[in-house]
Amino acid sequence: MTPGQETAPADVIIVGSGAAGGMAAYTLTKAGLRCLMLEAGRAYDPQAEVNMLAPESDAPLRGSGTPDKPFGYFDATVDGGWEVTGEPYTSAPGSDFKWWRPRMLGGRTNHWGRHVPRWGAYDFKPFSRDGLGVDWPISYDDVAPFYDRVEKMIGVNGGPIGLENHPDSPAECLMPPPKPRIPEMLIKATAESMGIPVRAAHTAVLTRDMPDPVAPRAACYNASPCTRGCTIGAMFQTTTSFLPQAKATGKLTVQTDAMVSRVLTDKAGRATGVEYVDRKTGMRHEVKAKAVVLAAGTGETTRLLLNSGTPGRGLANSSGELGRNLTDSTGASFTAYIPGLAGRPRYNEDGIGGQHIYIPFWLYEQQKRGELDFARGYHFEVWGRFGVPSSNVLPRVWGADLKKAVRQASGATIGMALRGEMIPNKDTYCEIDPGVKDRFGIPVLRFAFRFSQHEINQIAHGRKTAHAIFTRMGGRILDDPTLSPEKIMAAGGEIIHELGTARMGADKRSSVVDGYGQAWDVDNLVLMDGAIFASGAHKNPTLTILALALRSSERLAARFKSGAFA
Ligand SMILES: Cc1cc2nc3c(=O)[nH]c(=O)nc-3n(C[C@H](O)[C@H](O)[C@H](O)COP(=O)(O)OP(=O)(O)OC[C@H]3O[C@@H](n4cnc5c(N)ncnc54)[C@H](O)[C@@H]3O)c2cc1C
Ligand code: SF4
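Residues numbered from 1 in each chain as written. Chains lettered and ligands numbered in written order. Predicted model: local features only at pLDDT ≥ 70, side-chain atom pairs only at ≥ 80, totals over all residues. Heavy atoms only, no water.

A. Just helix α13 (residues 542-561), in detail. The end-to-end C-alpha distance of α13, which contains 20 residues, comes to 28 Å, matching closely the 28 Å that a straight helix rising 1.5 Å per residue would cover. With 16 of 20 residues buried, α13 is to be regarded as a mostly interior element. Backbone geometry just downstream of α13 places glycine 563 in the positive-phi region, at approximately 90 degrees. (Helix = DSSP H or I, 4+ residues; strand = E, 2+ residues; numbered from the N terminus. Expected span 1.5 Å × (residues − 1). Buried < 20%, exposed > 50% of the residue type's maximum accessible area, 1.4 Å probe, protein only.)

B. Spatial organisation of a nonpolar patch on the surface. A contiguous nonpolar patch, built from Ile182, Met185 and Tyr347 and spanning about 270 Å² of accessible area, is present on the exposed surface. Within the fold, tyrosine 347 resides in the loop between β11 (330-337) and β12 (357-359). Residue classification places tyrosine 347 among the partly exposed positions, given a relative accessible area of 35%. (Patch = residues over 30% accessible without salt bridge, like charges linked within 9 Å, V, L, I, M, F, W, Y side chains within 5 Å. Areas by Shrake-Rupley, 256 points an atom, 1.4 Å probe, with all protein chains shown as cover. Salt bridge = Lys/Arg side-chain N within 4 Å of Asp/Glu carboxyl O.)

C. Summary view of the sheet that holds strand β16 (residues 443-448). Across the sheet, 3 strands lie side by side as β3-β16-β15; this open sheet has mixed pairing. Lying at the two open borders of the sheet, with one neighbouring strand each, are β3 (90-91) and β15 (429-437). (Pairing = 2+ DSSP bridges.)

D. How the structure looks around the pairing of β15. Relative to β16, β15 is paired through 5 bridges, and the arrangement is antiparallel. Bridge pairing in β16 links glutamate 431 to arginine 446. Connecting β15 to the antiparallel partner β16 that follows it, the hairpin turn spans 5 residues, and glycine 441 within it adopts a positive phi of roughly 85 degrees.

E. Highlighting the pairing of strand β1 (residues 10-15). Of all 6 residues making up β1, 6 are buried, and the element is well covered by its neighbours. For β1 and strand β10 (residues 284-294), the ladder comprises 5 bridges, and the chain directions are parallel. Its bridge partner lying in β10, alanine 10 is registered against alanine 289. Each parallel crossover has a hand, and for β1 linked through helix α1 (residues 19-30) to strand β2 (residues 35-38) it is right-handed. (Right-handed = clockwise from strand over helix to strand, strands pointing away.)

As far as function goes, none of this settles anything; it's purely spatial.
Right under this line is the structure:
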């Protein structure tokens, strides 16, 4: 079915088909609402397109990244990345921000990292704890029932955490976690001997089959790189779960290659639909609906609003907060060669693709007592398994000796990737660049970005911790400890956890949407992606995006039922 074949306007237009858009489509169609999903990227079906088992050496450039395919040829990214042809963005002088855009049905869920920690009570009320940033209008208790349901819906494996500000999931919400690999066991033993906790990671990968009449998903068989996409549905992506399930209701129409350019409104200021550009023909179309859901991803959703409504001010921006309060996670990587792991017997330690364990932030008490010089937490995602060792751990030998050295060193390099919380600051925001348009004639975003001393100190602390763990293992540190923290930090946007720019709040004078993502100024416009976050956390955002999208979708469906859009 195409939009032209419809007999009546949809109840709801959903812009975007990633985590948030997928959840909206699933929930709203199950509630009986007719939805039109507009997705800028092309149609994509992992079951038809993904070769899960081809060796990386079969890929062009042996799988090395290029600007078109930042994570290599076999990675599921289609037409997306930090650079998208014909779709530029700009940076304010002195700012370095990299904006990842997916351009495919299912968005970033087709190739994401799948690490899905819950946020805790402090993460929703950061101002109350340390006087920085703002509190959310909702609390952990408001979101907890939705976390429970989302974990069961998408399939999350993991275990108890039992630490301050790391709420545990009820046991029935989680599938059993995989066993730690040998390098992970060593990291765990070493870190714990230093008083640093290590826990099973929470990962959106099935370790048990998930039967479903429409989109059955099988347990992970531990053998392939998940970022290519998963044809058996073991990793959560909307293209093998929510989208086919929503389509099966008969209530969902999906239009791909539909680049939405603005939200349309009537004289009363209510949303009437959207305008989109057909990416293949360049033709502009208008489609109507009773309500509009924006789930185009942080940045894109805000860009749409800035390009709608009043020129120069945008739509839903009476607070002036649209574009402000942008954050990304902080990031830095630390690696070491551990002689004790060299030459160990071979076994299959591929596992579920990502880390099996991680190090959650453990210093809230010390932070509260003022013993740390940074206000917000970080965690470590760890890695280490058999693979081709990098040249900097190999001796200068050739032929048979090199083969022997490679075998010996395989599986002896480990890494710890820091992900930390950034506090929103007034110098970090996005706005429309008045001088630049994309190939569709849509004005583009310009980003201003700056980390504060809190984030810089946090990176310095993380490096000290990681290096202390490596040293205790008898490891040789491979990253350069003499570089300044600023030099080793990922640039803004590189961790791809961008959040904020249309934050929620309790007061319409200082926020764009209410606690359900509903625009204060436009009551039939609901935002459902990371744009509405009032702040970030060191924990990855997507479980929270999904939980909030479920909560907002059910609220919207209830409003339809009560006649709000009759
Ligand atoms: C490599 C990688 C690893 C990651 N790892 C993790 C992780 O381990 N844990 C975690 O929590 N998060 C992770 N993330 C982030 C995670 O993918 C995102 O938080 C999540 O997918 C956001 O969901 P979304 O629905 O808001 O946006 P997206 O998934 O980006 O989907 C938005 C969709 O909207 C479409 N769109 C955009 N603009 C328009 C427009 N104008 N008109 C129509 N359609 C439009 C896009 O094409 C896209 O398909 C990772 C991301 C990447 C790329
Ligand atoms: S490792 Fe598991 S989740 Fe990842 S692609 Fe393979 S089967 Fe799917």
